[in-house]
Amino acid sequence: MHRSIAVVGGGPGGLFFSALMKARRPDWSVTLFERNRADDAFGFGVVFSDATLEKIAAADSVLTDALREHGTHWDTIDVVAKGEVRSFSGNGMAAIHRKTLLRLLQEKAAGAGVDLRFASQVGRLADLREYDVVVAADGANSRLRSEVGEAALGHAVDEATATFIWFGTDHMFDGLTFLHRRSEHGNFAVHAYPISPDVSTFIVETDAETWAAAGLDEFDVTQPPGPSDERTRAYLTELFAEELDGGQLLTNNSRWGNFRTRSSSTWHAGNVAFLGDAVHTAHFSVGSGTKMAMEDAIALADALDAHGDDDGDAGPAEAFAAYEAAAQPSVRRVQDAAGPSLAWWEHFGEYHEALEPWQFAFHFFSRSIPLRKIRRRDPAFAQAVEEKWRATHGAEPLATPFTIGEQEVPGRLLRRTGAGLAHADGALIDESGVVVVDLDAPGEQPDTAAAAAIVVTGGSARERIRAAERRALASVIPVLLDLPDADDDEAATMVLSGRADAVIVR
Ligand SMILES: Cc1cc2nc3c(=O)[nH]c(=O)nc-3n(C[C@H](O)[C@H](O)[C@H](O)COP(=O)(O)OP(=O)(O)OC[C@H]3O[C@@H](n4cnc5c(N)ncnc54)[C@H](O)[C@@H]3O)c2cc1C
């Protein structure tokens, strides 16, 4: 059966889908509509983790070839805080200028015979009546998603409180580098990485209070980028002058914004299939948005190819069901990993203020992976962190004594037994003065001002960890985190990172 497919959106998702589909089914017609001109590209670079590229490489070599020939590669992530640098290696990554990637994908699609129509904005689905399948790859602010109805797609949006702006710079960073600085107004952080021989991406984040205190919120978001960018650019150039080392910040449609995490339970409606940012996003700190859009493209082309000869109208419906079954699980996994990462960036200023640089770096890297994975990637980094702990406390993390009121507890791994709270060696702990903060309890939380220790329980594990660390960072009262399923390594991660003083396991 011959199909005619309209693709709306010439970002990485729409272009890759078109190229793959036309290559598999040369007799089908594939027409791509992109509202911008071929060489307009907003933003600077996209970063990919080497470990996540297999699926895309197996479908087509365009991305891996592009990264090899035009990209930058590195293995180490640097965290710079309070003038100290901590390096964590074993993280193979690559980045490329978005403009370069789009050009190569356009060439690939054109070479396969896709009808590419630039400067062609699709207004409504009715404009595409003549096509039997529509692929909506029209990005995070998808117009087709609005037309179909977000409720029909089970679409949900969660807006981060932190605010970010995307620049480039002609200062060359060696690899992925996180810079942290406190100005008189508050904390700022930068995600920087090289994307070509002469440009690095430079994304800046801050919290809403700092942003307002610095006067960076004084611009009209309805107006095109311009003078307000200049003010931000001047402020950030001065704040990060040492790290930029004479380099300039480059703007490209740079605007302050709040990241929106989008998810959708259904990725199709009628003859329309959605892919990429139109149906899901994940915080840019996990560098996976382009990868997800390109993997969706593979799954959709596979499904349409496999079901393309089905009779009648059942074709797209079955293909779309197969597409969702293939693509949704890995997107969910990325979004699950992005959640803790975004949450970290919501509070980075607090961690920067409270923690020593070695512990701050470990806190950052352990936001989504435990100590054993960190050790596997970079044994020297893990060892340095453990040595710092030993030098400060004189013992291994879980074997470090602490006090609850007058009593000394010999270590940081505790158990809840029938007889009460006990140290892992079995000795019961006197719980007088221990106040329980139960996140599931309705109403006000108990007063902990005079507590000898605080137990944080209830809620989800993520909520509990966040509630525990807030208290652990802000007070000297020991905070005991209820984490029933944690193994020794996860418990050690909590203690070593300062998220809790001790962990209560099952
Ligand atoms: C600050 C920031 C940093 C990021 N960093 C990374 C990173 O390091 N690594 C990574 O993998 N991802 C990153 N991402 C995410 C990545 O940019 C997106 O996930 C990815 O571009 C999604 O691809 P897409 O094809 O779904 O949509 P898009 O790239 O958004 O493409 C959609 C296209 O549709 C076009 N369009 C929209 N409406 C219409 C219409 N009505 N008619 C015609 N054309 C239309 C648009 O012009 C656009 O070209 C980052 C995102 C942000 C915000």
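1. A look at the nonpolar core
Of all hydrophobic cores here, the largest spans 66 residues; its most connected members are Ile 5, Phe 16, Phe 17, Leu 300, Leu 304 and Tyr 323. Among the elements that line this core, the one with the most residues is helix 9 (residues 289–307), at nine residues. With residues up to four places along the chain from it excluded, the contact list for Phe 17 reads Ile 5, Val 7, Val 135, Leu 275, Ala 297, Leu 300, Ala 301 and Leu 304.

2. Overview of the side chain of Arg 262
Considering the arrangement of structural elements, one finds Arg 262 in strand 16 (residues 260–264). It is Glu 150 that comes nearest to the buried, bridge-free Arg 262 among opposite-charge side chains, at 4.5 Å. A polar atom in the side chain of Arg 262 sits 2.9 Å from the side chain of His 155. Not counting residues up to four positions away in its chain, the partners in contact with Arg 262 are Ala 140, Asn 141, Arg 145, His 155, Ala 156, Val 157, Asp 277, Val 279, His 280, Thr 281 and Gln 335.

3. Points about the domain arrangement of the protein chain
For the protein chain, the domain assignment lists domain 1 (4–344) and domain 2 (390–505). Summarising the inter-unit geometry, the C-alpha centres of domain 1 and domain 2 are found 40 Å apart.

4. Concerning the site of the ligand
The local shell around the ligand holds 32 residues, among which Gly 13, Glu 34, Val 47, Asp 277 and Thr 290 are the closest. Take Glu 34: an N or O atom from its side chain is 2.7 Å from an oxygen atom of the ligand. In this structure, an oxygen atom belonging to the ligand sits 3.4 Å away from a side-chain N or O atom of Tyr 193. Within the complex, 90% of the 1000 Å² of free accessible area of the ligand lies under protein. Listed by contribution, the elements that provide at least two residues to the shell around the ligand are helix 1 (12–24), strand 3 (45–49), strand 11 (163–169) and helix 9. With four residues, the single largest contributor to the shell around the ligand is helix 9. Tallied by class, the residues present in the shell around the ligand amount to 13 nonpolar, 13 polar and six charged.

5. Brief notes about the pattern of salt bridges
For the structure on display, the rule yields 27 salt bridges. Among the ionic pairs, Arg 390 bridges to Glu 396, the shortest N-O distance being 3.0 Å. Owing to a relative accessible area of 29%, Arg 390 belongs among the partly exposed residues under this scheme. For Glu 396, a relative accessible area of 39% gives the class partly exposed. Across the pair Glu 469 and Arg 499 runs a salt bridge, and its minimum N-O distance is 3.7 Å.

The rules we used
Residues numbered from 1 in each chain as written. Predicted model: local features only at pLDDT ≥ 70, side-chain atom pairs only at ≥ 80, totals over all residues. Heavy atoms only, no water. Core = buried A, V, L, I, M, F, W, Y, C linked by side-chain atoms within 4.5 Å. Buried < 20%, exposed > 50% of the residue type's maximum accessible area, 1.4 Å probe, protein only. Helix = DSSP H or I, 4+ residues; strand = E, 2+ residues; numbered from the N terminus. Contact = heavy atoms within 4.5 Å. Lys, Arg positive; Asp, Glu negative; His and termini not counted. Salt bridge = Lys/Arg side-chain N within 4 Å of Asp/Glu carboxyl O. Polar contact = N/O pair within 3.5 Å; in protein donor to acceptor, adjacent residues only side chain to side chain. Domains from an automatic or database assignment. Near = heavy atom within 4 Å. Areas by Shrake-Rupley, 256 points an atom, 1.4 Å probe, with all protein chains shown as cover. Nonpolar A, V, L, I, M, F, W, Y, C, P; charged D, E, K, R; others polar.

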